[in-house]
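# Tertiary structure, described
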There are 2 protein chains.
Amino acid sequence: MKISSQEEYGLRCMLQLARSAPGPMSLAEISRGEGLSSAYAAKLLGQLRDHGLVEAVRGRSGGYSLSRPPEDITVREILSTLGGQLFEERFCHEHNGLGESCVHADSVCNIRSLWEALNEMLSAVLERTTLADLLCYGRVQEKLEEPRRAILSEGSGAQAVN
Amino acid sequence: MKISSQEEYGLRCMLQLARSAPGPMSLAEISRGEGLSSAYAAKLLGQLRDHGLVEAVRGRSGGYSLSRPPEDITVREILSTLGGQLFEERFCHEHNGLGESCVHADSVCNIRSLWEALNEMLSAVLERTTLADLLCYGRVQEKLEEPRRAILSEGSGAQAVN
DNA sequence: CTTATACTTGACATAAGTGTAAACTTTCCT
DNA sequence: AGGAAAGTTTACACTTATGTCAAGTATAAG
């Protein structure tokens, strides 16, 4: 359960495009701005382009630009393009151990419920956070303060019920 | 951002110990119960033992057992042993691209704020969820329903503020 | 219509994560 | 003692993720 390098660097490239002046920004500028090799930045931007998050213009004076305004691009889309989701449908099918299917496939699986709940929480937060939010100092903190408090306050209360 | 195999399988082994009768449970039983090779289960249980979550008894009639009662072992401890945290201190130092340090190291970094917030939310939920919760049908759903609603309801409200 | 600029593609090298194998140590039972 | 049952350790093969390289294609300027 770790943030992948692609997620980090790809999101940084997107943020840079969001900050940039109108018109395409060249690979050289983007990679220089993030301290990445241009080959690596190209790979990441290629993925983002394939998923429709950025547009590329080839040839002289070409470059990359966001395909939509920053406030219409969610962090969830970006991260899901670069690194998939925390928990996906196929996960259980891919963790069968030695058997043909998971030994818990036919029964209620509380671990699965846990993964689903975690995934939903993360997705919900990321879906509501846009590139525009990441541009603005303090916006992320503000936006995530309430859910964070909600979760934390839940803690002592729910514990007592058991 | 994916759940690792070790996290899944290691947690399953722990859950099996939590379900088992008092006294040590042998590697063979555990691995058979989860459909894992005994070599692999041994590796996972070795890690869990090194972190003090299970105790092992060697020799004939030996096996593994939880080092504490299930209600005192949090899922956070287990997952953190098996797969680390979503976002750790060193993350930023390890993602410098080509430079000696991250180009954003000296400035306010909203991406970092985002990672920290996500990590805190996940940790808070996992800290309050114990092995005992995972034993009980429906407990996970109950326990996570409130925080989930809190996050989801936050959505429309916070959105309008912008 | 040539050239410099810039994105694109696919193959590759390296590192990290996943899972196996075999030799070893400890303990109990007879 | 001796052997069987059971955990321990280390090294290895395999797979996936990370990052690079080089040759290719498209476009605008002169």
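Residues numbered from 1 in each chain as written. Chains lettered and ligands numbered in written order. Predicted model: local features only at pLDDT ≥ 70, side-chain atom pairs only at ≥ 80, totals over all residues. Heavy atoms only, no water.

### Re the protein's contact with DNA strand D
- Residues in contact with DNA strand D amount to 25 residues; listed here are only the nearest, Ser37, Tyr40 and Lys43 of chain A together with Arg49 and Gly63 of chain B.
- Counting only atoms of DNA strand D within 4 Å of the protein, the sugar-phosphate share comes to 74%.
- With respect to DNA strand D, the side chain of Tyr40 of chain A contributes an N or O atom lying 2.5 Å from a phosphate oxygen.
- At the level of secondary structure, the elements contributing two or more residues to the surface near DNA strand D comprise helix H1 (5–19) and helix H3 (38–50) of chain A together with strand E1 (54–57) and strand E2 (63–66) of chain B.
- By residue class, the composition of the surface near DNA strand D is nine nonpolar, 10 polar and six charged. (Near = heavy atom within 4 Å. Polar contact = N/O pair within 3.5 Å; in protein donor to acceptor, adjacent residues only side chain to side chain. Helix = DSSP H or I, 4+ residues; strand = E, 2+ residues; numbered from the N terminus. Nonpolar A, V, L, I, M, F, W, Y, C, P; charged D, E, K, R; others polar.)

### Looking at the confidence of the model for chain A
- Taken as a whole, chain A shows an average pLDDT of 92; of its residues, 94% reach a score of 70 or greater.
- For the stretch residues 156–162 of chain A, pLDDT sits under 50, and the model shows five contacts to residues farther than four places along the chain or on other chains. (pLDDT = per-residue confidence, 0-100. Contact = heavy atoms within 4.5 Å.)

### Comments concerning the relation of the copies chain B and chain A
- Here chain B sits on chain A after a turn of 180 degrees about the axis and a move of 0.0 Å along it, with an RMSD of 0.0 Å. Classification of the inter-copy transformation places it as that of a two-fold axis.
- A high fraction, 100%, of the interface residues of chain B reappear at the interface in chain A, so the copies pair face to face through one surface. (Least-squares fit on C-alpha atoms with pLDDT ≥ 70 in both.)

### Description of the environment of Arg49 of chain B
Residue and element names in this part refer to chain B.
- On the secondary structure map, Arg49 appears in helix H3 (residues 38–50).
- Residue Arg49 is classed as partly exposed on the basis of its relative accessible area of 40%.
- C-alpha of Arg49 to C-alpha of Ser153: the two residues are 104 residues apart in sequence and 41 Å apart in space.
- Not counting residues up to four positions away in its chain, the partners in contact with Arg49 are Val54 and Ala56. (Buried < 20%, exposed > 50% of the residue type's maximum accessible area, 1.4 Å probe, protein only.)

### What to know about unusual backbone geometry
All names here are of chain A.
- One non-glycine residue, Ser61, lies in positive phi territory at about 60 degrees.
- With respect to the helices and strands, the residue Ser61 is situated in the loop between strand E1 (54–57) and strand E2 (63–66).
- Owing to a relative accessible area of 67%, Ser61 belongs among the exposed residues under this scheme.

### Side note on the pattern of salt bridges
Residue and element names in this part refer to chain A.
- A complete count under the given rule lists 22 salt bridges over all chains for this structure.
- A salt bridge links Asp50 to Arg49; the nearest nitrogen and oxygen atoms lie 3.0 Å apart.
- On the basis of relative accessibility, which here comes to 59%, the residue Asp50 falls in the exposed class.
- Across the salt bridge formed by Arg112 and Glu116, the nearest N and O atoms sit 3.1 Å from each other. Of this pair, Arg112 and Glu116 both sit in helix H6 (residues 110–128), four residues apart, which is roughly one turn of the helix. (Salt bridge = Lys/Arg side-chain N within 4 Å of Asp/Glu carboxyl O.)

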